[in-house]
Every structure is written in C-alpha cells, then in structure tokens.
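Commentary on secondary and tertiary structure
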Amino acid sequence: METKEKIEFVGLPLAVYREIAAHLRQVEGLEVGLIPQSSQQFDYHQSQIEGLWISWISNPTSAVRQRVQQILAYYQNRYGI
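First things first, this report covers the structure right here in the doc.

On to the packing of aromatic side chains, then. Enumeration according to the criterion identifies three aromatic pairs in this entry. Ring geometry for Tyr74 and Tyr75: centres 5.0 Å apart, planes at 85°, overall edge-to-face. For Tyr74, a relative accessible area of 42% gives the class partly exposed. An angle of 5° between the planes, with centres 6.4 Å apart, marks the rings of Tyr75 and Tyr79 as stacked.

Next up, the structure:
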C-alpha cells in the first residue's frame, strides 16, 4: 500500500526544494516529487514550488522513517523554517 504525504516549506526557493528531493531520493523505498505552485497570483516572495510529496513504496521501518525526519529537520534548521 502506497502512502503519499505532502511536505511544505513556505517561501523556500525551487533550488532548495530540488536539493531536498535529491537528498530524500537516496532513502531506500521512498519516492519523491515536486508539487508545482497552484496559486494564480504571482508573488515574488512565494516559491515556484508549493511543496514536495513523498510516497512510501513499502512499509518503512522506524529507522527509515527516522532518516527521513533527520533530513527534513536538517533543512528546517538550515533555512529557519
């Protein structure tokens, strides 16, 4: 059973979203994709990306889930989000 989760970091630039996605793709059993911005109004301070989606291909172990949380925490701390 696949489970998709949405992850959003408000105001994060496209390049950083791509970096996070590349980092997460290294986790075994995880698929990652970018969600395009859905807002119709242009806002210079808004990212071109609305968020990321992650999908667990199989039932992840607690170690795998913990690794994903560590990666996300790293970017939250690094970019102050």
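The discussion continues.
Take helix H2 (residues 62–79) next. Along its 18 residues, H2 runs 26 Å from first to last C-alpha, staying within 8% of the 26 Å computed at 1.5 Å per residue. Every buried residue belonging to H2 is among Val68, Ile71, Leu72 and Tyr75, and all of these are buried. Summarising the axial view, the buried residues of H2 lie within an arc of 90°, below the 170-degree limit, and thus occupy one face. Residues of H2 that are exposed and point more than 90 degrees away from the buried face comprise Ser62, Ala63 and Asn77. Against strand S1 (3–7), helix H1 (14–24), strand S2 (30–36) and strand S3 (49–56) lie the buried residues of H2. Looking at the residues trailing H2, positive phi occurs at Gly80, about 60°.

So, on to the packing of H1 against H2. Here H1 crosses H2 at 160°, and the two axes come no closer than 10 Å. With respect to each other, H1 and H2 are oriented roughly antiparallel. Note on packing geometry: the crossing formed by H1 with H2 is right-handed. In this structure, H1 contributes Val16, Glu19, Ile20, His23 and Leu24 to the contact, and H2 contributes Arg67, Val68, Ile71, Leu72, Tyr75, Arg78 and Tyr79.

Scoring rules and cut-offs
- Residues numbered from 1 in each chain as written.
- Predicted model: local features only at pLDDT ≥ 70, side-chain atom pairs only at ≥ 80, totals over all residues.
- Heavy atoms only, no water.
- Phe/Tyr/Trp six-rings, centres within 6.5 Å; stacked < 30°, edge-to-face > 60°.
- Buried < 20%, exposed > 50% of the residue type's maximum accessible area, 1.4 Å probe, protein only.
- Helix = DSSP H or I, 4+ residues; strand = E, 2+ residues; numbered from the N terminus.
- Expected span 1.5 Å × (residues − 1).
- Arc of directions from axis to C-beta.
- Contact = heavy atoms within 4.5 Å.
- Axes fitted to C-alpha atoms, helices over the stretch in contact; angles between N-to-C directions.
- Parallel < 35°, antiparallel > 145°, perpendicular 65-115°, else oblique.
- Left-handed = near helix turned anticlockwise from the far one by under 90°.

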